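Tertiary structure, described
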Amino acid sequence: MKIDIHTHIIPEVDDGALNMEQAEEMLKVSAGDGVGTIILTPHYSKNLHDIIQQKAKELEEMASANGIKLLSGCEYDYTQVVNQDDLITLGNNKFVLVDLYSTAAHRQLAFERVINNLTKTGFMFILAHPERSFSRNDRKDLQTLREAGMYFQLSAACLLGEHGSTEQRNAHFLLRHGFGHYVATDVHYYRLQPKLLTRCEEMVTEKYGEKTAHILFYENPERLLRGEPPLDIRPRRNIIVHMCSMFGVWV
Ligand SMILES: [Fe+2]
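To keep things clear, this report deals only with the structure shown in the data block. Everything numeric here is computed off the predicted structure, so don't read it as measured data.

Looking now at the overall build of the protein chain. A count of helices and strands for the protein chain gives nine helices and eight strands. Counting over 251 residues, the protein chain shows a buried share of 42%.

This part takes up the packing of helix α7 (residues 196–208) against helix α8 (residues 210–225). α8 packs onto α7 with a crossing angle of 145° between their chain directions and a minimal axis gap of 7 Å. Residues Leu 197, Glu 201, Val 204, Thr 205 and Tyr 208 of α7 touch α8, and the partners they reach there are Glu 210, Thr 212, Ala 213, Leu 216 and Phe 217. Among the residues making up the contact of α7 with α8, the classes are represented as six nonpolar, two polar and two charged.

A separate point is the sheet that holds strand β1 (residues 2–7). The three strands are arranged β1-β2-β3 in an open sheet whose pairing can be described as parallel. Looking at which strands have only one partner, the edges of the open sheet turn out to be β1 and β3 (69–72). This sheet shows a mean twist of 20° between the axes of neighbouring strands, independent of strand direction. Alignment of strand β2 (residues 35–40) against β3, held across four bridges, turns out to be parallel. Counted as the bridge partner of Ile 38 is Leu 70 from β3. Helix α2 (residues 48–65) contacts β2 and β3 of the sheet and is inclined by roughly 170° relative to β3.

Take helix α6 (residues 165–176) next. Helix length check: α6 (twelve residues) gives 16 Å between terminal C-alpha atoms against 16 Å at 1.5 Å per residue, within 8%. Looking at α6, one finds that the buried residues are Glu 167, Asn 170, Ala 171, His 172, Phe 173, Leu 174, Leu 175 and Arg 176. Gly 178, located one to two residues past α6, shows a positive phi value of around 85°.

Of note, Asn 47 is a non-glycine position whose phi angle comes to about 65°, a positive value. Assignment of secondary structure puts Asn 47 in the loop between β2 and α2. With a phi angle near 60°, Asn 92 is a residue other than glycine that sits in the positive phi range. Position of Asn 92 relative to the elements: it lies in the loop between β4 (75–77) and β5 (95–99).

For the rest of this paragraph, the subject is the pairing of β2. Across four bridges, the pairing between β1 and β2 is parallel. From the neighbouring strand, Lys 2 faces β2, where its bridge partner is Val 35. After leaving β1, the chain enters helix α1 (residues 20–32) and then returns to the sheet as β2, a path that is right-handed. Crossover β2 to β3 through α2 is right-handed.

Attention now goes to the environment of Ala 128. Mapped onto the fold, Ala 128 is located in strand β6 (residues 124–128). In this structure Ala 128 comes out as buried when scored by C-beta crowding, with 25 C-beta atoms within 10 Å. C-alpha separation for the pair Ala 128 and Leu 154, spaced 26 residues apart in sequence, amounts to 6.8 Å. Among residues more than four places away in sequence, those in contact with Ala 128 are His 6, Glu 75, Leu 97, Val 98, Asp 99, Gln 153 and Asp 186.

It is worth spelling out the sheet that holds β5 at this point. Judged by pairing direction, the sheet is parallel, and its five strands sit side by side in the order β4-β5-β6-β7-β8 without closing on themselves. Either end of the sheet is taken by a strand with one partner, and the two such strands are β4 and β8 (182–184). Sheet twist, expressed as the average angle between the axes of neighbouring strands with direction ignored, equals 35°. Pairing between β4 and β5: three bridges, direction parallel. Paired with Glu 75 across the bridge in β5 is Leu 97.

For α7, spanning 13 residues, the distance from its first C-alpha to its last is 18 Å, which sits close to the expected 18 Å at 1.5 Å a residue. Those residues of α7 lying buried are Leu 196, Leu 197, Cys 200, Glu 201, Val 204 and Tyr 208. An end-on view of α7 places all buried positions within 125° of arc, on one side of the element. Phi turns positive one or two residues past the end of α7, at Gly 209, with a value near 105°.

Cut-offs and rules
Residues numbered from 1 in each chain as written. Predicted model: local features only at pLDDT ≥ 70, side-chain atom pairs only at ≥ 80, totals over all residues. Helix = DSSP H or I, 4+ residues; strand = E, 2+ residues; numbered from the N terminus. Buried ≥ 20, exposed ≤ 12 C-beta atoms within 10 Å, placed from the backbone. Axes fitted to C-alpha atoms, helices over the stretch in contact; angles between N-to-C directions. Contact = placed C-beta atoms within 7 Å. Nonpolar A, V, L, I, M, F, W, Y, C, P; charged D, E, K, R; others polar. Pairing = 2+ DSSP bridges. Expected span 1.5 Å × (residues − 1). Right-handed = clockwise from strand over helix to strand, strands pointing away. Arc of directions from axis to C-beta.

Rendered as C-alpha cells:
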C-alpha cells in the first residue's frame, strides 16, 4: 500500500477540505489510489496540535472504513520553524515538512534560517514541492540545501504536468539531479483527482525505471515511518542528460 506524506484533508483548518463530506470524498479517492496510510499535514496555525488531535479522531472512523490509517503532521512555512523545539513532525518522527517559498527577495533570509535549523536541531527537514520555487538556474542553492541535510518532496500532479509545464519541467529536473526523495499528492479538495499517485508511479516507472519508482513511492515513505532518512536517488538518465552532466552542464 502507498503512503501519502503530504495532504490537506482535515476539515476547516486550512485551504483543504471545507467539511466532513469533502474529507470523506478525499479519503475514498485516496483508497482508490492504493493509499493505506495518510499523514495529515494542514498548514501551521496556532493551537494546531490540539485541533489535529480532535479532528483526526473524527476522521479516524471514516478512514478505517476505507482501509486507511491516519497519522498526524503539519506543513510549516520556513518562518515558522525558527527556534522551535516543539515542532509537529510527520507521524511523530523526526521529520518536519517545510515550504520554502523562495522568491529572490526572501531567499537569503530563508536559507540562513532553514540551514541554521537544519544544522542545530535534531529534526530532519523535508522541503515541500520544491518544483514551485527551484529551477535549473538554482542548482547551487539546491546543492547547499541538500548538503545541509534537506530532503525533497515532489508533487505527483507537477510531475504529471497537471500544474503547468514550468512546474513539470522543474520537477523532472529536480528528480534527474538527485533532489527528489518522496512523491506526495499535497491533496486539496478543490483539485482532487483520481489515482494521482498511481498514474505518477506508472509514468516514473516508464521514464526512470522500476527501482526509482519503488524508492520514491514505497521505500522512502516506509523509511520515514520508521524514522529513517530516505535513500538518495539519481535515476537512470538518457544519454544526452548523462553526457551533459559529465561536462558539468545540468539539463
Ligand atoms: Fe501543502
